[in-house]
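Descriptive structure summary
What follows is each chain in one-letter form.
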Amino acid sequence: MHAARSGAGAERTGLRIRPRTEEDVPACARVLAQVHRADGYPVDWPDRPAVWLTPPHPLGAWVAEFDEDVVGHVVLSLGGEGDLAPGVWGARHGTEGASAAVVGRLFVGPRARGLGAGALLLDRAVREARRRDLHPVLDVLSRDTAARALYERLGWELMATVEQRWGPSTLVTVHCYAAAP
């Protein structure tokens, strides 16, 4: 996505992407609860949603605002436990995942859907990863068809589809994506 196009659309719709502050975290948790009720994301509701919003080793976090209300969120981080895409990327490029940054905790509340907030948040995280000379990657559950459609529409490459064990009795199918070069 081109920054000029995304900026123009943001001005027309009243949508703005900016760095997340600590003061934004309660609003982000409220939007996350709306997304969880509407879409089942995240699959397992975290005991502490405000803590869940920032994975280990964060490199940056941003929010989408619409009419001055927080309506979306994304985080960029180094890979951690359970992140599959950095390992897939590293195996393909001989870097053991060290050259990848994980885009995660990406969600847009129901009231802001269709405004381009997801694409703008994703674009912001990708730009930050590239500024740090890291390649953006992400994992998404196979059932998250709207998210997968967004990534593919924006040119992300499906690197692998793998089965991942979540707890003793849950096996999920995860798609690992990398941003277009």
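Residues numbered from 1 in each chain as written. Predicted model: local features only at pLDDT ≥ 70, side-chain atom pairs only at ≥ 80, totals over all residues. Heavy atoms only, no water.

**Details of the overall build of the protein**
Across its full length, the protein carries six helices and seven strands. Over its C-alpha atoms the protein spans a radius of gyration of 16 Å, differing by no more than 12% from the 16 Å that the globule rule assigns to 181 residues. Principal axes of the C-alpha set define a box for the protein whose edges measure 45 × 35 × 30 Å. Looking at the protein as a whole, 48% of its 181 residues are labelled buried. (Helix = DSSP H or I, 4+ residues; strand = E, 2+ residues; numbered from the N terminus. Rg over C-alpha atoms; globule rule 2.2 N^0.38 Å. Buried < 20%, exposed > 50% of the residue type's maximum accessible area, 1.4 Å probe, protein only.)

**Points about the nonpolar core**
Ranked by size, the top nonpolar core spans 29 residues in total, and within it Val103, Leu138, Tyr151 and Trp156 carry the most contacts. Going through the elements one at a time, strand E2 (58–66), strand E3 (69–77), strand E4 (100–108), helix H5 (117–131), strand E5 (135–141) and helix H6 (145–153) are the ones with two or more residues in this core. Looking at this core element by element, the count peaks at eight residues for H5. Counting eleven residues, the second-largest nonpolar core is a separate cluster that includes Val31, Leu53, Val63 and Val70. (Core = buried A, V, L, I, M, F, W, Y, C linked by side-chain atoms within 4.5 Å.)

**Some remarks on the pairing of E5**
Burial of E5 is extensive: six of the seven residues sit out of reach of the surface. Across three bridges, the pairing between E4 and E5 is parallel. Looking at E5, one finds that Ala100 is bridged to His135. A crossover connection joins E4 to the parallel E5 through H5; in handedness this β-α-β unit is right-handed. The sheet contact formed by E5 and strand E7 (residues 170–178) spans five bridges and is antiparallel. Residue Val137 lies in a different strand from E7, and its bridge partner there is Ala178. (Pairing = 2+ DSSP bridges. Right-handed = clockwise from strand over helix to strand, strands pointing away.)

**Considering the side chain of Glu65**
Take Glu65: it is sitting in strand E2. Within the local environment of Glu65, its side chain forms a polar contact with the side chain of Arg18, the two groups lying 3.0 Å apart. (Polar contact = N/O pair within 3.5 Å; in protein donor to acceptor, adjacent residues only side chain to side chain.)

**With respect to the pattern of salt bridges**
Considering all chains together, one arrives at ten salt bridges under this definition. Between Glu65 and Arg16 there is a salt bridge, and its shortest N-O distance comes to 2.8 Å. Of this pair, Glu65 sits in strand E2 while Arg16 sits in strand E1 (residues 15–19), and the two are 49 residues apart along the sequence. For Glu65, a relative accessible area of 10% gives the class buried. Salt-bridge contacts for Arg92 lead to Glu157; the nearest nitrogen and oxygen are separated by 2.7 Å. Of the two residues, Arg92 is situated in helix H4 (residues 85–93) and Glu157 in strand E6 (residues 157–166); the sequence distance between them amounts to 65 residues. Residue Arg92 is classed as partly exposed on the basis of its relative accessible area, which comes to 43%. (Salt bridge = Lys/Arg side-chain N within 4 Å of Asp/Glu carboxyl O.)

**Some points on the packing of aromatic side chains**
Going through the model one piece at a time under the given rule, you end up with three aromatic pairs. What links up through ring pairs into an aromatic cluster is the set Tyr151, Trp156 and Tyr177. The positively charged end of Arg105 is found above the aromatic ring belonging to Trp52, 4.2 Å away from the centroid. (Phe/Tyr/Trp six-rings, centres within 6.5 Å; stacked < 30°, edge-to-face > 60°. Lys NZ or Arg CZ within 6 Å of the ring centre and 35° of its normal.)

**Some remarks on the environment of Gly118**
Note on placement: Gly118 falls in helix H5. What makes Gly118 buried here is its relative accessible area of 15%. Sequence separation of Gly118 and Phe107 is eleven residues, and the distance between their C-alpha atoms is 6.9 Å.

**Let's talk about the sheet that holds E7**
The strand order E1-E2-E3-E4-E5-E7-E6 describes an open sheet built from seven strands, whose pairing is mixed. Every interior strand has two partners, whereas the edge strands, E1 and E6, have only one. When the angles between neighbouring strand axes are averaged without regard to direction, this sheet yields 25°. Packed on one face of the sheet, H6 meets E4, E5 and E7 and runs near 150° to E5. (Axes fitted to C-alpha atoms, helices over the stretch in contact; angles between N-to-C directions. Contact = heavy atoms within 4.5 Å.)

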